[in-house]
Each structure stands twice: as structure tokens, then as C-alpha cells.
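Listed below are the residues making up each chain.
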Amino acid sequence: MRVDSTPAVMHIEFDLLTLFPQMVEGFFTSSMLGRGQRNGLIRASAHDLRSWATDKHHKTDEIPYGGGAGMVMKPEPIFAAVEELRRPETKVVYMAPDGEPLTSQLARELVQEKHLIILSGHYEGVDQRVRDSLIDREVSIGDYVLTNGTLAAAVLIDCVSRFIPGFLGDEKSLTEESFMTTLLGFPQYTRPADFRGMRVPEVLLSGNHAAIEKWRHEQQLEKTRDRRPDILENGDHHK
Ligand code: ADE
């Protein structure tokens, strides 16, 4: 039991199972994810599913029973990988275009987990027995189909990691951002104040914080009304 008042540091581990680990190796070590790993807030590893295939050709896919186009990922390497990597607290997520949509709400739920194994599908997807007996959640990053789920998994990992306290360095970014207030974001400007005759709005140079906040909120409302009227119709924005 902890006896001091320091909150326990949050830490989450991601193990990605994919046929293309090289697609995300740079992503895991660059920018904020790289920094999060160096600071010990996250661990993200990509594993080649092929290394769990036991036949001599390291086969991971087969033609579908019942016929049809494309190939289906075989259950054996996926079961072997998950059984080796999972721990009692692990949740297994499958990236699929027919999964539940990724939202900030879902990311906030997933960041509560300690260890996520994320399975990226390829071809026509994975054998249904994997989905029925290994997977806790199926997640889609949008209504379009990618050639494989590896980039989708990278999107999920990025989006979940941002909710770890200290990950962004500046916690204000989380509270000010779009979808936290449920409104879309306001326009941002930086120096110079005049670029090729395009001037930064005067209010932002005024130093009047109340006026700036009012202007930003109006801009958010206007953009939301224009691009995402559905958000306003839901009536649950609170700012
Ligand atoms: N795999 C292929 N398309 C995908 C999508 N839209 N979301 C998640 N995984 C996918």
C-alpha cells in the first residue's frame, strides 16, 4: 500500500501484433510517443506475427472456407502470440473497419488499462474463432477500409497515450482541445503578426484575456455550426 500522497504514476503498455512491424517502428520512437517511452509513461512494441507461425514457410493466411476473394489470417499464430504475451490484466483489441468507432470517450476508457495487445488484421481479416474467443474489443478508426490495420493501431495508441497524465507535458492542451468541450477548435496564430498582408486578428494582440476567450468561443461555435451541426444538436456541449 502507498503511504505517501504522491499519486501513482500511470503507465500503459501496448503490444502490437502485425505482419508489418516496420510500418510503426519509426512512429513508436519519434515525437511524443518516443518521448513518452523515454519518460517511462508508456511502452509500445511491434511484434511480427510471422514469428509465431510454426510451419516452415511461416504461413499466416489461407484461402477462406466457403470460397470468395482474398485470404484469411489463420488462428494458430494469433492464438500462440496472444497466449505468450497476455497477462491476467491484459485486454486484447482487434482493429477492424466493422469495430466500434474510436472516439475520445473510448480512448479515455482504454487508458485505464495496464496492458493492451492490439491485433492488426490484413487481407479479408482474421478467422472468426479469433474474434470470438481472444478479443475483448473491436475498434474502427473510421468508415473506410485500409489495406491493413497497422496504421489504425498506431492511431489508437497515439490517441490513448495522450490521456496519460504528463504525456503531453502541458495538461492545458487536453482541456482546451476540440472534443473536450465537444466544440471544434478555434483558429491559432503565431508570429509574425503580418504575413504577406494577412494580419492576425487584432483581438489576439490586445492582451485582453476576457475578449480573447470570448472571440475564441465564438469562433468555435461558428465552426461547429458550419462543419458539425450534429454536435450542437446533441445539446451536450458545456462551454
Ligand atoms: N483495418 C482496415 N480498415 C480499418 C479501419 N477503418 N479501422 C480499423 N482497422 C482497420
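Residues numbered from 1 in each chain as written. Predicted model: local features only at pLDDT ≥ 70, side-chain atom pairs only at ≥ 80, totals over all residues. Heavy atoms only, no water.

Engineer: Explain the overall build of the chain to me, please; I cannot follow it from the model alone.
Structural biologist: Regarding its fold elements, the chain presents ten helices and nine strands. With the C-alpha coordinates of the chain rotated into their principal frame, the extents come out at 70 × 55 × 40 Å. Sorting the 239 residues of the chain into buried and exposed places 40% on the buried side. Taking contacts inside the chain between residues at least 6 apart in sequence as the whole, the part at least 24 apart equals 76%. A total accessible area of about 14200 Å² is found for the chain, and carbon and sulfur atoms account for 53% of it. (Helix = DSSP H or I, 4+ residues; strand = E, 2+ residues; numbered from the N terminus. Buried < 20%, exposed > 50% of the residue type's maximum accessible area, 1.4 Å probe, protein only. Contact = heavy atoms within 4.5 Å. Areas by Shrake-Rupley, 256 points an atom, 1.4 Å probe, with all protein chains shown as cover.)

Engineer: Could you clarify how one ought to interpret the sheet that holds strand E1 (residues 12-18) in this entry?
Structural biologist: The strands making up a sheet are joined through hydrogen bonds of the backbone, oriented either antiparallel or parallel. As summarised here, the arrangement of the five strands in space is E2-E1-E6-E5-E7, forming an open sheet in which the pairing is parallel. This sheet does not close on itself; its edge strands, each paired only once, are strand E2 (42-48) and strand E7 (137-140). Here the strands of the sheet are splayed against their neighbours by 30 degrees on average, with no regard to which way each runs. Note: E1 against E2, seven bridges, orientation parallel. Paired with Ile-12 across the bridge in E2 is Ile-42. Packing of helix H1 (residues 22-29) onto the sheet brings it into contact with E1 and E2, and relative to E2 it is tilted by some 165 degrees. Where helix H6 (residues 150-161) meets the sheet, its contacts fall on E1, E2, strand E5 (91-101), strand E6 (115-120) and E7, and the angle it forms with E1 comes to roughly 175 degrees. (Pairing = 2+ DSSP bridges. Axes fitted to C-alpha atoms, helices over the stretch in contact; angles between N-to-C directions.)

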